[in-house]
Amino acid sequence: NKDFGFIEIKDGKVIKKGLGTVLTVRWGGLVNRPYNIRKVGNEIWVASLYTRLRKFDENFSYLGEFGVWGDEFPDKYVHPRDFVVTDEHVVIVCEWRHRVVCYKRDTAESVWMIGDGQAGNPQDGRVWNPYSIDVLPDGNYI
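Residues numbered from 1 in each chain as written. Predicted model: local features only at pLDDT ≥ 70, side-chain atom pairs only at ≥ 80, totals over all residues. Heavy atoms only, no water.

**Student:** Residues and numbers for the pairing of strand E9 (residues 99-104), please.
**Tutor:** With five of six residues buried, E9 lies mostly within the body of the structure. In this antiparallel pair of consecutive strands, strand E8 (residues 89-94) and E9, the connection spans four residues, and histidine 98 shows a positive phi of 55°. Alignment of E9 against strand E10 (residues 110-114), held across four bridges, turns out to be antiparallel. By the bridge assignment for E10, valine 101 is matched with methionine 113. Linkage of E9 to E10, two consecutive antiparallel strands, is achieved through a turn of five residues, within which alanine 108 is found at a positive phi near 65°. (Buried < 20%, exposed > 50% of the residue type's maximum accessible area, 1.4 Å probe, protein only. Helix = DSSP H or I, 4+ residues; strand = E, 2+ residues; numbered from the N terminus. Pairing = 2+ DSSP bridges.)

If you want it as structure tokens, here you go:
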């Protein structure tokens, strides 16, 4: 809830106001090495190293986090590389854990998971360091 002065949201557009960071200590702060930022309704969601998905309003004021941090998949997640948010679900790509996990958006309860923590091929039910995810018009994920 500080005004870092580095971005401005005006008329739904993000305007860069110089270089800077919202974090100076690796293990503290709200955002740490952000991988992906997505606009979800009137919120800005951020996936970054060593943190849960963080939510901010359009003025970049902190609103909270999604889910629970930890290696006890599928109920918890670590190292989110990318994510997609629908009306019902949040699907998170956990690169370093070789997993893609789907949660209910309103309760953060796990729905399904691909990957068992071992790198491998999709035909074996595994993924290898997944980086990204998106939702297709038909509702499937790619």
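**Student:** Give a description of the nonpolar core that names residues and reports values.
**Tutor:** Ranked by internal contacts, the top residues of the largest apolar core, which has 15 residues, are Trp45, Leu53, Phe66, Tyr77, Phe83, Val90 and Ile92. Put simply, the parts of the chain that give this core at least two residues each are strand E4 (43-48), strand E7 (80-85), E8 and E9. Broken down by element, this core gets its largest block of residues, three residues, from E8. Those residues in contact with phenylalanine 83 that sit more than four places away from it in its chain are Asn36, Arg38, Trp45, Val46, Ala47, Leu53, Val91, Ile92 and Ile133. Core analysis: the second largest hydrophobic core is formed by six residues, Val91, Val100, Cys102 and Ile133 among them. (Core = buried A, V, L, I, M, F, W, Y, C linked by side-chain atoms within 4.5 Å. Contact = heavy atoms within 4.5 Å.)

**Student:** How would you explain unusual backbone geometry if you had to name every residue and give the values?
**Tutor:** With an omega dihedral of 5°, the bond running from phenylalanine 73 to proline 74 counts as a cis peptide bond. The backbone of histidine 98 shows a phi angle near 55°, a positive value even though the residue is not glycine. If you trace the backbone, histidine 98 turns up in the loop between E8 and E9. You will see that asparagine 129, though not glycine, has its phi angle at about 45°, which is positive. One can find asparagine 129 in the segment after E10. Residue classification places asparagine 129 among the partly exposed residues on the basis of a relative accessible area of 28%.

**Student:** Explain the sheet that holds E4 to me, and be specific about the residues and the numbers.
**Tutor:** Ordered in space as E3-E4-E5-E6, the four strands form an open sheet in which the pairing is antiparallel. Every other strand in the sheet has two partners, leaving strand E3 (34-40) and strand E6 (62-66) as the edge strands with one partner each. For this sheet, the mean angle separating the axes of adjacent strands, direction not counted, is 25°. Sheet analysis places E3 next to E4, joined by six bridges and oriented antiparallel. (Axes fitted to C-alpha atoms, helices over the stretch in contact; angles between N-to-C directions.)

**Student:** Please give an account of the packing of aromatic side chains that cites residues and values.
**Tutor:** Enumeration over the complete set of coordinates arrives at eight aromatic pairs. Centre to centre, the rings of phenylalanine 56 and phenylalanine 60 are 4.2 Å apart; their planes meet at 10°, and the pair counts as stacked. Both rings, one in tyrosine 77 and one in tyrosine 103, keep their centres 5.9 Å apart while their planes meet at 50°; by these two values the pair is tilted. Residue tyrosine 77 is found in the loop between E6 and E7, and its partner tyrosine 103 is found in strand E9; the two are separated by 26 residues along the sequence. Both residues of the pair, tyrosine 77 and tyrosine 103, belong to the buried class. In this structure, arginine 38 is placed above the aromatic ring of phenylalanine 83, and the distance from its NZ or CZ to the ring centre is 5.7 Å. In this structure, arginine 81 is placed above the aromatic ring of tyrosine 131, and the distance from its NZ or CZ to the ring centre is 4.2 Å. (Phe/Tyr/Trp six-rings, centres within 6.5 Å; stacked < 30°, edge-to-face > 60°. Lys NZ or Arg CZ within 6 Å of the ring centre and 35° of its normal.)

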